[in-house]
Amino acid sequence: MRAKDLALIALFTALMCVLGLAPRIQLPLLPAPFTTQTLGVMLAGGILGWKRGTLSMLLFVLLVAIGAPVLVGGLGGFGMLLGPTGGFIWAYPLGALVTGLLVERWWIRLNAVSAFIACFVGGALAVYVIGQPWLIVASAKLTLAQGWWSWVVYLPGDILKAVVAALVIITVKRAYPLITPRVDRPFTDDPAAGHPTGDQPGLKTLGGDPRL
Amino acid sequence: MLSLHVPGHSLVHRLPAGAKLLTILVFGTFAFFVDSLVVLGSCVGVVAAAYLVARVPPARAWQLLRGVLAMVALIVLAQGFLGDWTTAAQVGLRVLAVVLLANLVTLTTAQTALVDAVVWAAGPLRRVGVDPDRIGLMIALVFRFIPVIAEEASKVREAHAARGVRPGLFGLGVSYLAPLVIRTLRMADGLGEALEVRGVGTRPAPPDRPAKVPF
């Protein structure tokens, strides 16, 4: 891990904490609040890539655990992680991992739609896969059949967040790309290996040597 | 304020941080497997007594508990109407006991002590190539940079105000978050260099050609 990577991970975690300064919106009838922080989960994976994004979110969970008031509404501490909505916070690293892997896979031809799908699958669905069972089964002792529907209420907010995150990821990709695309062929500096994007088929037909 | 810690000298304050974290773990596991209302009720009582021993200001304890209490109430109601009220009471007492204890540790333990405990607990990770001290460094870096990034955020807002921009809900993404993210990434360049010259992180692979000697 290079020093630059460490700096990116730490600063993105700090950005995540700043996102937590936004006011907490508690939806009626539902235990988990609507937060801007899952936006940070999507951005971490989509901008830093899966590895740095996941590490950044792990660092964030660690900060919550040691009692830094970094969650939305100035909350924090081990109690939040063990409380009924703790599963949603534990799931942040997984969310960044999934978003990051998808964005890296689609990086070369990433557009608003594919970025949106990556953000939604990672930042919303993956987070619910852990958060909902924790909330419903472990905390409330209900069966999943009795409570699975409750995430539908979050759907509009999550779609909105995924759209915003996707637009930001596209903009940042143009201005400040950090991700090296995951392609079938490993990237080399050797021009004979051809261009990793595969955008220059002519090079390959000429034996891969651009000088020919 | 970046810590929820309330300084003090009580017995609870003086316990080592690692022991307190271990207590949460053991207590949480215990509460998870106990169903008796009497035992769960006395668990809440014991933790409440510990609050009195620690002499935590009630206002600070309430501030932490408030966020969780609404969720607990909703869960108890949901369980009561969808299931039965005995289970609802068990669920409510269990969550309350565990969250109260965890909050007590947060309130009575200095953040530095908790960081040290985390670094110590991460010791075995050395075998898989993780430097535990680096975790402590990363935590310190985040705390150092939260105010810096918050200031960058207000700069972006001021830039909007100065130009009379009122971004809508979607516009917020591109015109507010994107500049903030890019400013953060730029800052990481400088911070990365600063860390590298101080010997943090692995060095980049040496170039194929040896560097030219300037003399």
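Residues numbered from 1 in each chain as written. Chains lettered and ligands numbered in written order. Predicted model: local features only at pLDDT ≥ 70, side-chain atom pairs only at ≥ 80, totals over all residues.

> For this particular structure, what's the right way to read the overall build of chain A?
The helix and strand tally for chain A stands at ten helices and zero strands. For chain A, the α and β elements follow one another from N to C terminus as α-α-α-α-α-α-α-α-α-α. The buried share of chain A, taken over its 212 residues, is 54%. For chain A, long-range pairs separated by at least 24 residues make up 69% of all intrachain contacts whose partners lie at least 6 apart in sequence. (Helix = DSSP H or I, 4+ residues; strand = E, 2+ residues; numbered from the N terminus. Buried ≥ 20, exposed ≤ 12 C-beta atoms within 10 Å, placed from the backbone. Contact = placed C-beta atoms within 7 Å.)

> Which parts of the structure should I look at to understand helix H2 (residues 17-33) of chain B?
Each turn of an α-helix holds 3.6 residues, which means side chains three or four residues apart point in the same direction. For H2(B), built from 17 residues, the straight-helix expectation of 24 Å at 1.5 Å per residue is met to within 8% by its first-to-last C-alpha distance of 25 Å. In this fold, the buried residues of H2(B) make contact with helix H4 (78-82) of chain A together with helix H3 (37-54), helix H5 (85-108) and helix H6 (111-121) of chain B. (Expected span 1.5 Å × (residues − 1).)

> Looking at this model, I keep getting lost on the environment of B:Thr86. Mind explaining?
Residue and element names in this part refer to chain B. Tracing the backbone shows threonine 86 in helix H5. Accessibility expressed as a C-beta count within 10 Å gives 12 for threonine 86, which makes it exposed. Considered as a pair, threonine 86 and valine 76 are ten residues apart in the sequence and their alpha carbons are 10.0 Å apart.

> How do you make sense of the environment of A:Pro69 when you look at a structure like this?
Residues and elements named next belong to chain A. Examined against the element boundaries, proline 69 turns out to sit in the loop between helix H3 (50-65) and H4. By C-beta crowding, proline 69 is classed as buried, having 21 other C-beta atoms within 10 Å. Residues proline 69 and leucine 21, spaced 48 residues apart in sequence, show a C-alpha to C-alpha distance of 9.6 Å.

> How do you make sense of the confidence of the model for chain A when you look at a structure like this?
Do not read the predicted coordinates in detail wherever pLDDT is low. All names here are of chain A. Here chain A averages 79 in pLDDT, and 75% of its residues register 70 or above. No element of chain A has a lower mean pLDDT than helix H10 (residues 201-205), at 44, and none a higher one than helix H6 (residues 92-105), at 94. Contacts for the low-pLDDT stretch residues 198-212, under 50 throughout, to residues beyond four places or in other chains number 13 contacts. (pLDDT = per-residue confidence, 0-100.)

> Teacher, can you tell me more about the nonpolar core here?
A general feature of soluble globular proteins is that nonpolar side chains tend to end up buried together. Residues A:Ala10, A:Leu11, A:Ala14, A:Ala165, A:Val168, A:Ile169 and B:Val142 are the most contacted members of the largest nonpolar core, which totals 115 residues. Formed jointly, this core draws a minimum of three residues from each of two domains, domain 1 (11-110) and domain 2 (123-197) of chain B. (Core = buried A, V, L, I, M, F, W, Y, C linked by C-beta atoms within 7 Å. Domains from an automatic or database assignment.)

> Sorry, what's going on with the interface of chain A and chain B here?
Put simply, an interface is often sized by how much accessible area is lost when its parts join up. Contacts between the two partners involve 53 residues from chain A and, on the opposite side, 61 residues from chain B. Broken down by secondary-structure element, the contributors of at least two residues to the side of chain A that touches chain B are helix H1 (3-19), helix H2 (37-48), H3, H4 and helix H9 (155-175) of chain A. At 14 residues, the largest contribution of residues to the side of chain A that touches chain B is made by H1(A). When grouped by side-chain class, the residues that make up the side of chain A that touches chain B number 38 nonpolar, twelve polar and three charged. (Nonpolar A, V, L, I, M, F, W, Y, C, P; charged D, E, K, R; others polar.)

> Sorry if this is basic, but what is going on with the packing of H1(A) against H2(A) here?
If you want to describe how two helices pack, look at the angle between their axes and the distance between the axes. Residue and element names in this part refer to chain A. At a minimum axis separation of 9 Å, H1 and H2 run at an interaxial angle of 160°. By the criterion of interaxial angle, the relationship of H1 to H2 is roughly antiparallel. Two packed elements cross with a definite hand, and for H1 against H2 that hand is right-handed. Contact residues: Leu8, Phe12, Leu15, Met16 and Leu19 in H1; Gln37, Leu39, Gly40, Ala44 and Leu48 in H2. In the contact of H1 with H2, the residues fall into eight nonpolar, two polar and no charged. (Axes fitted to C-alpha atoms, helices over the stretch in contact; angles between N-to-C directions. Parallel < 35°, antiparallel > 145°, perpendicular 65-115°, else oblique. Left-handed = near helix turned anticlockwise from the far one by under 90°.)

> It is not clear to me how unusual backbone geometry should be interpreted in this structure. Could you clarify?
Of all residues except glycine, most have a negative phi; of all peptide bonds, most are trans. Here B:Arg55, not a glycine, exhibits a phi torsion of approximately 50°, which is positive. As for its placement among the helices and strands, B:Arg55 is situated in the loop between H3 and helix H4 (58-82).

> Explain the domain arrangement of chain B to me, please; I cannot follow it from the model alone.
Splitting chain B by domain gives domain 1 (11-110) and domain 2 (123-197). Averaged C-alpha coordinates put domain 1 of chain B and domain 2 of chain B at centres separated by 34 Å.

> How should H1(A) be read in this particular structure?
The terminal C-alpha atoms of H1(A), which comprises 17 residues, lie 24 Å apart, in line with the 24 Å expected from a rise of 1.5 Å per residue. Counting buried positions along H1(A) yields 16 of 17 residues, so the element is predominantly enclosed.

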